[in-house]
Amino acid sequence: MFNLFKKIKKESQINSYILTETKTINFGYKSCWAVVKSESAEDILTVLNKTDSINKNCIDFITESHSGWVIISDFGMELFNEELGPEYGIDNLKILSTYFETVCYFVSHRISDVYGWFKFQNNKITRAFYFSECEFITDKGLKTMEEINLNMNYSTSDDEFNIPHEDDVIKIAEAWTLNPTHLEQIPEIKSYRITKKNP
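Remember, predicted model here, so these are calculated numbers, not experimental data. (Residues numbered from 1 in each chain as written. Predicted model: local features only at pLDDT ≥ 70, side-chain atom pairs only at ≥ 80, totals over all residues. Heavy atoms only, no water.)

1. A word on unusual backbone geometry
The phi torsion at N123 lies on the positive side, around 70°, for a residue other than glycine. Relative to the helices and strands, N123 is located in the loop between β6 (114–121) and β7 (124–132). One non-glycine residue, E133, adopts positive backbone phi at about 50°. With respect to the helices and strands, E133 occurs in the loop between β7 and β8 (135–140). For E133, a relative accessible area of 60% gives the class exposed. (Helix = DSSP H or I, 4+ residues; strand = E, 2+ residues; numbered from the N terminus. Buried < 20%, exposed > 50% of the residue type's maximum accessible area, 1.4 Å probe, protein only.)

Have a look at this one:
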């Protein structure tokens, strides 16, 4: 893995974006974000620099690793193309998953009633759940133990009507990775903007 990052770091020098420290903030509602199993934000940046299909200017911020997880705030939806949907709009997430053991992605937007969570492990998508405007768009892969423990059983039938909501996204994010609404309570965590390096 070290040699891999060493190689792509050399190849990505022409796409020289750097990390600039910024204030850590809580978020998670009306948001989209990825969480990557990684020991450093620099490793994430190296892969982002290598990936031309991801517009780094549209990434809101990324955090330093905490408990082995790095958060990428994807406010501009660069990692997940909502217009293409969960079947074809996840190419950039697939690219990340080729470099990192586990990549998770979360979508929450109460206005549009859009909620989703995805998990990639060892370059394969193992779980995909996506709900939009009172319709289950995608529900693939075995339900994880965390979803079972959280009683995430949904239905749009009249007698068993139970649909996901924004708090469910936060709960599964915390169960799988980190709770983004609590970042300010982690004193050692740092956050960074991704900025173009001056020539």
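And the narrative resumes.
2. Observations concerning the layout of surface pockets
Considering only enclosed or pocket space, the second largest pocket measures out at about 150 Å³ in volume. For the second largest pocket, the full set of lining residues is K30, S31, C32, D74, F75, M77, E82, V107, S108, H109, S112 and V114. Counting residues per element, the ones that place at least two in the lining of the second largest pocket are β2 (31–37) and β5 (102–109). Of all the elements, β5 adds the most residues to the lining of the second largest pocket, at 3 residues. Here the lining of the second largest pocket is built from residues that sort into 5 nonpolar, 4 polar and 3 charged. (1 Å grid on protein atoms, 1.4 Å probe; cavity = no way out; pocket = protein on both sides within 12 Å on 5 of 7 lines; lining within 4 Å. Points joined across faces, edges and corners; volume = space filled by probe spheres on them. Nonpolar A, V, L, I, M, F, W, Y, C, P; charged D, E, K, R; others polar.)

3. Description of the confidence of the model for the protein chain
Per-residue pLDDT for the protein chain averages 90, and the proportion of residues at 70 or more is 91%. Contacts of residues 5–13 to residues separated by more than four positions or lying in other chains number 14 contacts, the stretch itself having pLDDT below 50. (pLDDT = per-residue confidence, 0-100. Contact = heavy atoms within 4.5 Å.)

4. A word on the environment of S97
Checked against the element boundaries, S97 lands in helix α4 (residues 91–97). Taking the C-alpha atoms as reference points, S97 and V70, separated by 27 residues in sequence, lie 13 Å from one another. Apart from the residues lying within four places of it in its own chain, the contact partners of S97 are V103, F120 and N123. Engagement of the side chain of S97 in a polar contact is seen with the backbone oxygen of K94, the distance being 2.7 Å. At a separation of 3.3 Å, a polar atom in the side chain of S97 contacts the side chain of N123. (Polar contact = N/O pair within 3.5 Å; in protein donor to acceptor, adjacent residues only side chain to side chain.)

5. A few points about the pattern of salt bridges
Here the structure, examined in full by the defined rule, presents 4 salt bridges. A salt bridge links E166 to R110, with the nearest nitrogen and oxygen atoms 2.9 Å apart. A residue pair is termed long-range when its members are at least 10 positions apart, and E166 in helix α6 (residues 166–176) and R110 in the loop between β5 and β6 qualify at 56 residues. E166 sits in the buried class, given a relative accessible area of 17%. A relative accessible area of 38% places R110 in the partly exposed class. In this structure, the salt-bridge partner of E147 is R127, at a minimum N-O distance of 2.9 Å. Residue E147 is found in helix α5 (residues 145–149), and its partner R127 is found in strand β7; the two are separated by 20 residues along the sequence. Ionic contacts of the salt-bridge type, sharing partners, join the residues R127, D139 and E147 into one network. (Salt bridge = Lys/Arg side-chain N within 4 Å of Asp/Glu carboxyl O.)

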